[in-house]
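So the chains spell out like this:
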2 protein chains.
Amino acid sequence: MAVTTVTIAEIAKTTQATVSRALRDDPSISPKTRQRIKRLAEELGYRPNLLARGLVGGDTYTIGMITTGLDVEVHSVKITAFEESARNKGYLTITAFNPNEPGLEDKLIIRLLQRSVDGFVIYPAEHGEHKELRALVEKNFPIVTFNGDGRLDFQTNDVSLDYYEGGKIQIEHLSAIGRKRIAYIYPVFSCYTIDQRVSGAKEAAHNAGVDFELIQIDTGNSGQRVQTELAYEKLREFFRKNASRFDAIACHNDLFALSAIRALHQLGIKVPDYIAVIGFDNISASEFSMLTISTISQPAEQMGLVAFQTLEALVKEKNSRESEHEFIRVKLKPELVVRESTGRIVDC
Amino acid sequence: MAVTTVTIAEIAKTTQATVSRALRDDPSISPKTRQRIKRLAEELGYRPNLLARGLVGGDTYTIGMITTGLDVEVHSVKITAFEESARNKGYLTITAFNPNEPGLEDKLIIRLLQRSVDGFVIYPAEHGEHKELRALVEKNFPIVTFNGDGRLDFQTNDVSLDYYEGGKIQIEHLSAIGRKRIAYIYPVFSCYTIDQRVSGAKEAAHNAGVDFELIQIDTGNSGQRVQTELAYEKLREFFRKNASRFDAIACHNDLFALSAIRALHQLGIKVPDYIAVIGFDNISASEFSMLTISTISQPAEQMGLVAFQTLEALVKEKNSRESEHEFIRVKLKPELVVRESTGRIVDC
DNA sequence: CTGTTAGCGCCTTCAA
DNA sequence: TTGAAGGCGCTAACAG
């Protein structure tokens with residue numbers, strides 16, 4: 001059927017082991033036969049069976065990725081960047097999605113382990129014990145987490161965004177353009193990264209000496225998913241009653257900011273003249289929108305890239321030594337992007 | 001190290017083969033020993049090694065997916081829907097991305113084959129020979145393509161959206177609200193699905209007896225990727241000179257429509273009063289935007305679902321018989337979503 | 001019903 | 001520098 005090392009050996013009138021060695025550039029093989037075998041393999045269209053290779057304990061050049069769904073644009077960018085750098089180094093990334101169910105995380109880890117992945121990138125579920133993850137980390141299996149810092153109660157190699165800093169920057173910017181009565185709007189469900197943004201915002205407001213109020217919008221908690229239409233309705237209702245109290249709004253993400261702007265627009269409240277709005281994430285729509293949105297940009301490609309480089313290093317090192325050393329923890333800084341929604345300065 | 005069937009056999013004082021059979025519910029095993037072995041396996045935390053299983057020729061419960069990047073929201077929805085239904089049936093989907101390079105498609109297929117996937121879902125690259133894909137289809141390997149209809153010169157099991165119909169619906173709607181001078185705006189790079197939209201639109205315009213003009217915008221051809229800022233500039237320039245000639249614009253997708261609306265807004269041209277705008281895809285931003293966008297909605301979840309069901313059937317059938325039968329070809333209909341950007345009717 | 005015996009395709013000792 | 005042999009964990013005959 002398929003051409004294997006045995007097929008090649010028979011034709012080359014040598015043994016299977018020699019073929020195997022030649023193909024892997026084993027130094028013990030003479031340049032001559034190596035070349036001969038390689039040519040033959042090429043001609044016959046030989047493709048190493050990675051299952052067999054993995055079975056005997058070698059690397060599979062496969063990395064398991066477990067992440068939340070693709071509904072958040074920023075995650076997609078991270079995933080894409082990771083996959084691309086992995087692919088360029090000859091790794092295949094096998095991706096499994098976990099819409100934030102703690103139990104599913106364990107199951108997916110097991111499933112991927114059964115396929116003998118060389119390492120893992122994991123965006124941990126918000127809650128749960130992380131039983132499997134913890135076990136792997138303890139046995140020193142190559143793992144890198146995204147945003148594990150703070151939501152896991154044990155150390156890992158981690159690449160995170162500094163959400164606290166992000167929240168701070170949002171408010172500092174609003175304050176810098178002269179706004180003094182600021183609301184921070186976010187959904188009710190609890191989530192570490194949102195909490196961080198809020199904390200950072202609170203501190204910045206305190207430092208700047210501006211009024212600051214936290215507004216939680218109940219978006220219908222179908223899991224962590226925001227129900228878009230409902231969110232819009234709630235926002236409009238809120239602004240109808242309370243808009244006059246504020247001259248600026250910071251939102252936990254750009255979609256919320258879009259909805260907020262739409263609601264304000266409906267109510268005839270001009271943005272940014274009366275109320276300035278800033279979002280978070282820098283999704284593409286915030287640049288395409290009729291009124292472009294100021295926001296906080298995540299270095300998402302870089303996060304994907306750094307995560308892969310870290311993981312690759314761990315995988316290689318595992319093969320050489322079992323050196324125990326410190327966990328690698330990278331925390332990247334977000335950046336302010338100023339657009340129309342905070343564009344004009346109003347003097348009060 | 002890890003617990004295997006041998007480990008269990010030793011403890012259960014039986015043979016490895018018996019354990020293997022018991023675990024797989026082989027009817028030849030007595031209920032007693034089966035239960036005993038299963039309990040033991042559970043206690044020991046046994047996890048079958050899927051590589052070994054795959055090596056002997058059995059199913060791996062792994063499906064390979066090759067698709068374009070995650071930058072297009074509709075694709076993400078399809079992927080997510082597919083992955084979820086696969087997961088619920090015990091399959092792992094391993095996803096590889098191909099930003100439309102014909103050569104890469106072949107490479108990725110090979111890589112996934114080396115991991116012994118049970119089947120493939122492929123969103124074929126726009127151009128190229130599709131050498132590997134063709135070979136697999138010929139040897140009757142379980143494969144389902146997305147939008148392969150029209151862009152492949154050979155038959156496959158396929159799930160497509162009817163883009164022609166979509167283009168038609170766009171124009172029919174604009175005509176139905178009384179518009180008579182319509183432009184179809186799309187980027188310069190050629191692509192089967194865009195061509196289809198345009199053809200459908202053209203026919204609809206002809207049938208409705210309205211003026212119809214094709215406008216291609218040069219968005220800088222970094223591959224197939226639209227350069228957003230450039231696209232916006234070009235659109236604004238175009239409208240500045242030509243807006244007066246039209247009372248409606250149809251765009252090949254929603255991001256373009258967003259940009260178009262922003263450009264029109266900048267120029268002080270009211271949407272939909274002077275110019276109505278309709279997009280394509282129904283991305284979330286089209287609903288969140290300050291001015292919500294009328295568009296054509298793809299049944300993306302359904303496409304993912306149908307693709308998986310079709311593929312699963314092929315995989316199962318392969319195991320039973322080598323029955324040769326017709327290719328399964330599903331063509332789904334898009335739907336009109338009316339929002340503000342075509343909301344008000346203007347009499348002329 | 002259960003045990004025995006071959007492999008699947010590859011890598012890795014150990015000899016020669 | 002190459003060959004021979006064993007085994008990774010599992011499934012699939014073939015016996016008993």
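A quick note: this is a predicted structure, and the numbers were derived from the prediction, not measured.

Enquirer: Mind showing me how you'd approach the overall build of chain A here?
Expert: Tallying secondary structure elements over chain A gives 13 helices and 12 strands in all. For chain A, whose C-alpha radius of gyration is 26 Å, the value lies well above the compact-globule estimate of 20 Å for 348 residues. Over its C-alpha atoms, taken along the principal directions, chain A stretches across nearly 90 × 40 × 35 Å. Out of the 348 residues belonging to chain A, those deemed buried represent 55%. Counting contacts in chain A only where the partners sit at least 6 residues apart, residues at least 24 apart contribute 71% of the total. Surface exposure of chain A reaches about 15,300 Å², of which carbon and sulfur atoms provide 49%. Here chain A holds 42 positive side-chain charges and 46 negative ones, and the gap between their average locations is 5 Å.

Enquirer: Mind showing me how you'd approach the pattern of salt bridges here?
Expert: Where charged atoms from two side chains of opposite charge approach closely, those side chains can pair. Counting across every chain of the model gives 30 salt bridges over all chains. Here Asp-149 of chain A makes a salt bridge to Arg-329 of chain A, at a shortest N to O gap of 3.1 Å. Within this pair, whereas Asp-149 of chain A is found in the loop between strand S4 (143-146) and strand S5 (157-161), its partner Arg-329 of chain A is found in strand S11 (residues 329-332), the two being separated by 180 residues in sequence. On the basis of relative accessible area, Asp-149 of chain A is assigned to the partly exposed category, the value being 25%. Relative accessible area serves as the criterion here: at 34%, Arg-329 of chain A is assigned to the partly exposed category. Among the salt bridges present, the one from Asp-149 of chain B reaches Lys-331 of chain B, with a minimum N-O distance of 2.6 Å. Note that Asp-149 of chain B is positioned in the loop between strand S4 (143-146) and strand S5 (157-161) and Lys-331 of chain B in strand S11 (residues 329-332), a separation of 182 residues in sequence. If you follow the salt bridges from partner to partner, you end up with Lys-89, Glu-312 and Lys-316 of chain A in one network.

Enquirer: Before we go on, may I ask you to explain the relation of the copies chain A and chain B in this structure?
Expert: Structural alignment of chain A on chain B gives an RMSD of 0.1 Å, achieved by rotating through 180° and translating 0.0 Å along the axis. Within this description, the copies of the chain are treated as partners about a two-fold rotation axis. When the interface residues of chain A are mapped onto chain B, 100% of them again fall at the interface, so both copies present the same face.

Enquirer: Is there a simple way to think about the protein's contact with DNA strand D in this case?
Expert: Taken together, 25 residues are adjacent to DNA strand D, and Thr-14 and Thr-18 of chain A together with Gln-16, Ser-20 and Tyr-46 of chain B come closest. Thr-15 of chain A is positioned such that a nitrogen or oxygen atom in its side chain is 3.1 Å from a phosphate oxygen of DNA strand D. Every element with two or more residues in the surface near DNA strand D is listed here: helix H2 (16-23) of chain A together with helix H2 (16-23) and helix H4 (50-55) of chain B. It is H2 of chain B that contributes the most residues to the surface near DNA strand D, 4 residues altogether. Of the residues contributing to the surface near DNA strand D, the split by class is 10 nonpolar, 11 polar and 4 charged.

Enquirer: I would appreciate a short explanation of unusual backbone geometry in the present structure.
Expert: The phi torsion of most residues other than glycine is negative, and most of the peptide bonds are trans. Residues and elements named next belong to chain A. Across the junction of Val-271 and Pro-272, the peptide omega takes the value 0°, indicating a cis bond. Phi is positive for Ser-116, close to 55°, though the residue is something other than glycine. Tracing the chain through its elements places Ser-116 in the loop between helix H6 (102-113) and strand S3 (119-122). A positive phi angle, close to 70°, is found at Asn-140, a residue other than glycine. Examined against the element boundaries, Asn-140 turns out to sit in the loop between helix H7 (131-138) and S4. Take Asn-140: its relative accessible area is 35%, and that puts it in the partly exposed class.

Enquirer: Even after reading the chapter, I still don't get the packing of aromatic side chains, so can you show me in this structure?
Expert: The description of an aromatic ring pair uses the distance of the two centres, along with the angle that the planes make with each other. All names here are of chain A. Evaluation of the coordinates by the stated rule reveals 18 aromatic pairs over all chains. Taking 5.8 Å as the distance between ring centres and 70° as the angle between the ring planes, the aromatic pair formed by Tyr-91 and Phe-308 counts as edge-to-face. Here Tyr-91, found in the loop between helix H5 (73-88) and strand S2 (92-97), pairs with Phe-308, found in helix H13 (residues 300-320); they are 217 residues apart in sequence, far enough to count as distant. The burial state of Tyr-91 is the same as that of Phe-308; both residues are buried. Joined through ring pairs, the aromatic side chains of Tyr-61, Phe-82, Tyr-91 and Phe-308 make up one cluster. The ring centre of Tyr-232 lies 3.8 Å from the NZ or CZ of Arg-262, which sits over that ring.

Enquirer: I'm lost on the protein's contact with DNA strand C in this one. Help?
Expert: The environment of DNA strand C is made up of 24 residues, and the closest members are Ser-20 and Tyr-46 of chain A together with Thr-14, Thr-18 and Val-56 of chain B. Counting only the atoms of DNA strand C that lie within 4 Å of the protein, the sugar and phosphate share comes to 66%. Measuring from a phosphate oxygen of DNA strand C, one finds a side-chain N or O atom of Thr-18 of chain B at 2.6 Å. Broken down by secondary-structure element, the contributors of at least two residues to the surface near DNA strand C are H2 and helix H4 (50-55) of chain A together with H2 of chain B.

Enquirer: What am I meant to see in the packing of helix H8 (residues 163-176) of chain B against helix H9 (residues 192-208) of chain B here?
Expert: Helix packing for two helices is described by the angle between their axes and how far apart those axes are. Residues and elements named next belong to chain B. H9 packs onto H8 with a crossing angle of 40° between their chain directions and a minimal axis gap of 6 Å. As summarised for this structure, H8 and H9 are arranged oblique, according to the angle between their axes. The element H8 and its partner H9 pack so that their crossing is right-handed. Counting all contacts with H8, which are made through Tyr-163, Tyr-164, Gly-167, Lys-168, Ile-171, Glu-172 and Ser-175, the residues of H9 involved are Thr-193, Gln-196, Arg-197, Ser-199, Gly-200, Ala-201, Glu-203, Ala-204, Ala-205 and Ala-208. Along the lines of polarity and charge, the residues of the contact of H8 with H9 split into 7 nonpolar, 6 polar and 4 charged.

Enquirer: Explain the pairing of S5 of chain B here, please?
Expert: Residues in a regular strand point their side chains to alternate faces of the sheet. Residues and elements named next belong to chain B. The buried count for S5 comes to 5 of 5 residues, which makes it a mostly enclosed element. The pairing of S5 with S11 spans 4 bridges and is classified as parallel. In the sheet register, Ser-160 faces S11, and the bridge partner there is Lys-331.

Enquirer: Can you help me understand the sheet that holds S4 of chain A in this one?
Expert: Two orientations exist for strands paired in a sheet by backbone hydrogen bonds: parallel and antiparallel. Residues and elements named next belong to chain A. The strand order S2-S1-S3-S4-S5-S11 describes an open sheet built from 6 strands, whose pairing is parallel. The open sheet has two edge strands, S2 and S11, and neither has a second partner. Pairs of neighbouring strands in the sheet enclose a mean axial angle of 15°, with direction left out of account. Sheet analysis places S3 next to S4, joined by 3 bridges and oriented parallel. Considered in S4, the bridge of Phe-120 is made with Ile-143. H6 contacts strand S1 (62-67), S2 and S3 of the sheet and is inclined by roughly 170° relative to S1.

Enquirer: Can you help me understand a nonpolar patch on the surface in this one?
Expert: A surface patch of nonpolar side chains, about 390 Å² in accessible area, is lined by Leu-55 and Val-56 of chain A together with Leu-55 and Val-56 of chain B. One can find Leu-55 of chain A in helix H4.

Conventions and cut-offs
- Residues numbered from 1 in each chain as written.
- Chains lettered and ligands numbered in written order.
- Predicted model: local features only at pLDDT ≥ 70, side-chain atom pairs only at ≥ 80, totals over all residues.
- Heavy atoms only, no water.
- Helix = DSSP H or I, 4+ residues; strand = E, 2+ residues; numbered from the N terminus.
- Rg over C-alpha atoms; globule rule 2.2 N^0.38 Å.
- Buried < 20%, exposed > 50% of the residue type's maximum accessible area, 1.4 Å probe, protein only.
- Contact = heavy atoms within 4.5 Å.
- Areas by Shrake-Rupley, 256 points an atom, 1.4 Å probe, with all protein chains shown as cover.
- Lys, Arg positive; Asp, Glu negative; His and termini not counted.
- Charge placed at Lys NZ, Arg CZ, Asp CG, Glu CD.
- Salt bridge = Lys/Arg side-chain N within 4 Å of Asp/Glu carboxyl O.
- Least-squares fit on C-alpha atoms with pLDDT ≥ 70 in both.
- Near = heavy atom within 4 Å.
- Polar contact = N/O pair within 3.5 Å; in protein donor to acceptor, adjacent residues only side chain to side chain.
- Nonpolar A, V, L, I, M, F, W, Y, C, P; charged D, E, K, R; others polar.
- Phe/Tyr/Trp six-rings, centres within 6.5 Å; stacked < 30°, edge-to-face > 60°.
- Lys NZ or Arg CZ within 6 Å of the ring centre and 35° of its normal.
- Axes fitted to C-alpha atoms, helices over the stretch in contact; angles between N-to-C directions.
- Parallel < 35°, antiparallel > 145°, perpendicular 65-115°, else oblique.
- Left-handed = near helix turned anticlockwise from the far one by under 90°.
- Pairing = 2+ DSSP bridges.
- Patch = residues over 30% accessible without salt bridge, like charges linked within 9 Å, V, L, I, M, F, W, Y side chains within 5 Å.

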